[in-house]
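Residues per chain, in single letters:
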Amino acid sequence: ARLHIFLQNSFEDVYRQYPPTVINQYSLLFKIRGQDETKKPILLCSHLDVVPAPMNNEFPWIRDPFSGDIIDGMIHGRGAIDNKHNVVSQLGAINEILCAGKLPKRTVYIALGHDEEIGGNEGAAKIAQHLKEEEGMSEGIEFILDEGTMMISGAIPGINEPVAIVGCVEKGHISVELTVKGPGGHSSTPPIDEDNPLKIMSKAIVALESNPVPAHFEKGSAFRNTLEDIAGELSFPLNVLCSNFWLFGPIFKHILLRANSGAAASIRTTTCVTIMSGGEKLNVIPSDVKAYINHRVHPADTFDDILLHNSRVINDRRVKIRLMDEAGFVVPPSPISDFRSKSFDLIRSTVNKNFGFGTVPGVMVGNTDTRWYWDLSKQIYRFSPVELTIQETKMFHGVNEKISAKALTSMIDFYKDL
């Protein structure tokens, strides 16, 4: 593959001293020996694949999304922040260490999957199998660090400067199919006293969107931990609110649900209608209408909770609700990793040394390849050491994805120190 050749030419010392094992044709697994091989190794993860970059006249790419153009210190292209920046900075860090004639303090694995964007079944899943069967790494990894939340300014209400949010838990996801069937008919004589399948489905969708799954901000919940951890750095009156959630918790939950979409998603299971299908002709009332709902499931909720909520909210037996339990459509929330561990403290201190920002535990609202590595370590974290604003996060899977060369250099320094 061209990308494999590019990586080999770019990181010659890594490839010469510790060539990767090619997993399932396209994924790569590096094992770099550490100074102290009695210590448990760590696993750094990234992925080689990217989402498509369709051209849109209304929202055009300023540069060719696959050019890699460097203009005024900015590197343009699909994958710049998802997730080629972690690929090259992880390999770049190891390459610089080896070039200096040194080794990392402990053994480091670098796992580069090739199909994360479509679930990781052929990439990370096979890497995990290799690590367990060939490397004997079942629960043998000290900690795992994959892509994830970043150093974001404006992510937490009341804090303007960037905060490093490290995902200690990852939301699950399910997809639900809604089906409504009926007699249909001709558009020239629509029924005047009854609903048709399209109207029924529309009412069901409005009901779901208008009545979201209840949010979680009880003691010990993931995002509440985030805010309590950083309460001392907030200005008045937020420092008082966050230090006294026993009293002000309901008020702050209300604030979070209206602050921004990321904050709201961190404290509840989200509901998003992604596909609707029905009619085929302009003059025919459809007799079979379907809609598909994607839920990103909060760790405090169960799949049964979500299905029951949907049923109660829709409250219409004509709408058939089916959990799409085919392979890949159902992923439970991850186990919660300890934000008081030595591994988390290492990440925190490395962030502080390289960027000077505070670090807090958080919720990873998207999904990563770590779903395949749960039985390799109890300490799994999701963090990308790059500084972004809330506005810039729209580049993920959007247009005009880019990263500065300076930011990429800082990422390499972070991984070297880690």
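Right above here is the structure, for reference.
Remember, predicted model here, so these are calculated numbers, not experimental data.

1. Let's talk about unusual backbone geometry
So, point 1. For the bond running from Asp82 to Asn83, omega is 10°, close enough to zero to count as cis.
So, point 2. Tracing the chain through its elements places Asn83 in the loop between strand 5 (74-76) and helix 3 (84-99).
So, point 3. Of note in this structure, Asn24 is not a glycine but carries a positive phi near 55°.
So, point 4. With respect to the helices, strands and loops of the structure, Asn24 is situated in the loop between strand 1 (21-23) and strand 2 (27-32).

2. A word on the pattern of salt bridges
So, point 1. Applying the stated criterion across every chain, the model contains 17 salt bridges.
So, point 2. When the shortest N-O distance is used, the salt bridge between Arg16 and Asp13 registers 2.7 Å. Highlighted residues: Arg16 and Asp13, both in helix 2 (residues 12-17), separated by 3 residues, approximately one helical turn.
So, point 3. Judged by relative accessible area, Asp13 falls into the buried class, the value being 15%.

3. A look at the pairing of strand 16 (residues 359-364)
So, point 1. Summarising burial for strand 16: 6 of the 6 residues are buried, a large majority.
So, point 2. Here 6 bridges tie strand 8 (residues 163-170) to strand 16, and the two strands are oriented parallel to one another. Each residue of the ladder has a partner; that of Glu170, found in strand 16, is Met364.

4. Thoughts on the packing of helix 11 (residues 342-355) against helix 12 (residues 405-417)
So, point 1. Between helix 11 and helix 12, whose axes approach to 10 Å, the crossing angle comes to 140°. On the basis of the axis angle, helix 11 is oblique to helix 12. In the crossing of helix 11 with helix 12, the sense of the turn from one axis to the other is right-handed. Counting all contacts with helix 11, which are made through Ile347, Thr350, Val351, Lys353, Asn354 and Phe355, the residues of helix 12 involved are Ser410, Asp413, Phe414 and Asp417.
So, point 2. Class assignment for the residues of the contact of helix 11 with helix 12 results in 4 nonpolar, 3 polar and 3 charged.

5. With respect to the packing of helix 3 against helix 12
Packed helix pairs are specified by the crossing angle of their axes together with the interaxial distance, meaning the distance between the axes.
So, point 1. Where helix 3 contacts helix 12, the axes come no closer than 8 Å and their chain directions differ by 55°. Taken together, the axis directions place helix 3 and helix 12 in an arrangement best described as oblique. The crossing of helix 3 and helix 12 is right-handed. In this structure, helix 3 uses His85, Asn86, Val88, Ser89, Gln90, Gly92, Ala93, Glu96 and Ile97 to contact helix 12, whose residues at the interface are Leu408, Met411, Ile412, Tyr415 and Lys416.

6. As for the packing of aromatic side chains
So, point 1. Taken as a whole, this structure holds 9 aromatic pairs when the rule is applied.
So, point 2. Taking 6.3 Å as the distance between ring centres and 20° as the angle between the ring planes, the aromatic pair formed by Phe217 and Phe252 counts as stacked. In this pair, Phe217 sits in the loop between helix 5 (197-210) and helix 6 (222-230) while Phe252 sits in helix 8 (residues 245-259), placing the two residues 35 residues apart along the sequence. Across the pair, exposure class does not vary: Phe217 and Phe252 are buried alike.
So, point 3. Through successive ring pairs, a cluster of aromatic residues spans Phe355, Phe357, Phe383, Phe414 and Tyr415.
So, point 4. Taking the ring centre of Phe217 as reference, the NZ or CZ of Arg224 above it sits at 5.9 Å.

7. Some points on the state of the cysteines
So, point 1. This model, assessed by the stated rule, comprises 0 disulfides.
So, point 2. Free of any disulfide, Cys45 has its nearest neighbouring cysteine sulfur in Cys168, separated by 15 Å.

8. Digging into the pairing of strand 2
So, point 1. In terms of burial, strand 2 is a largely internal element, 5 of the 6 residues being buried.
So, point 2. Of the pairings in the sheet, the one linking strand 1 to strand 2 comprises 3 bridges and is antiparallel in character. By the bridge assignment for strand 2, Ile23 is matched with Ser27.
So, point 3. A loop of 3 residues connects strand 1 with strand 2, the two strands running antiparallel in sequence, and Asn24 in this loop sits at a positive phi of about 55°.

9. Points about the sheet that holds strand 5
So, point 1. Taken together, 3 strands build an open sheet; the order of strands is 4-5-18 and the sheet is antiparallel. Because the sheet does not close on itself, it has two edges, and the strands there are strand 4 (70-71) and strand 18 (402-404).
So, point 2. Packing against the sheet, helix 12 makes contact with strand 5 and strand 18, and its axis sits at approximately 70° to strand 18.

10. Considerations on helix 8
Think of an α-helix as turning once every 3.6 residues; residues three or four places apart then point the same way.
So, point 1. For helix 8, spanning 15 residues, the distance from its first C-alpha to its last is only 17 Å, which falls clearly below the expected 21 Å at 1.5 Å a residue.
So, point 2. Of all the bends in helix 8, the largest measures some 35° and sits at Ile251.
So, point 3. Those residues of helix 8 that sit buried are Phe245, Gly249, Phe252 and Leu256.
So, point 4. Structurally, helix 8 contributes buried residues whose contacts are with helix 6, helix 7 (238-243) and helix 9 (261-266).

11. Digging into the side chain of Arg78
So, point 1. Within the element layout of this structure, Arg78 appears in the loop between strand 5 and helix 3.
So, point 2. Within the structure, the side chain of Arg78 is placed 3.3 Å from the backbone oxygen of Val51, a separation counted as a polar contact.
So, point 3. A polar atom in the side chain of Arg78 sits 2.7 Å from the side chain of Glu401.

12. Side note on the side chain of His85
So, point 1. Within the secondary structure, His85 is located in helix 3.
So, point 2. Polar side-chain contacts of His85 include one of 3.3 Å to the backbone oxygen of Ile81.
So, point 3. In this structure, His85 is in contact with Gly79, Ala80, Ser384, Val386, Ile403, Leu408 and Met411, ignoring residues within four places of it in sequence.

Criteria and thresholds
- Residues numbered from 1 in each chain as written.
- Predicted model: local features only at pLDDT ≥ 70, side-chain atom pairs only at ≥ 80, totals over all residues.
- Heavy atoms only, no water.
- Helix = DSSP H or I, 4+ residues; strand = E, 2+ residues; numbered from the N terminus.
- Salt bridge = Lys/Arg side-chain N within 4 Å of Asp/Glu carboxyl O.
- Buried < 20%, exposed > 50% of the residue type's maximum accessible area, 1.4 Å probe, protein only.
- Pairing = 2+ DSSP bridges.
- Axes fitted to C-alpha atoms, helices over the stretch in contact; angles between N-to-C directions.
- Parallel < 35°, antiparallel > 145°, perpendicular 65-115°, else oblique.
- Left-handed = near helix turned anticlockwise from the far one by under 90°.
- Contact = heavy atoms within 4.5 Å.
- Nonpolar A, V, L, I, M, F, W, Y, C, P; charged D, E, K, R; others polar.
- Phe/Tyr/Trp six-rings, centres within 6.5 Å; stacked < 30°, edge-to-face > 60°.
- Lys NZ or Arg CZ within 6 Å of the ring centre and 35° of its normal.
- Disulfide = S-S within 2.5 Å.
- Expected span 1.5 Å × (residues − 1).
- Bend = angle between axes of the 7 residues up to and from the residue.
- Polar contact = N/O pair within 3.5 Å; in protein donor to acceptor, adjacent residues only side chain to side chain.

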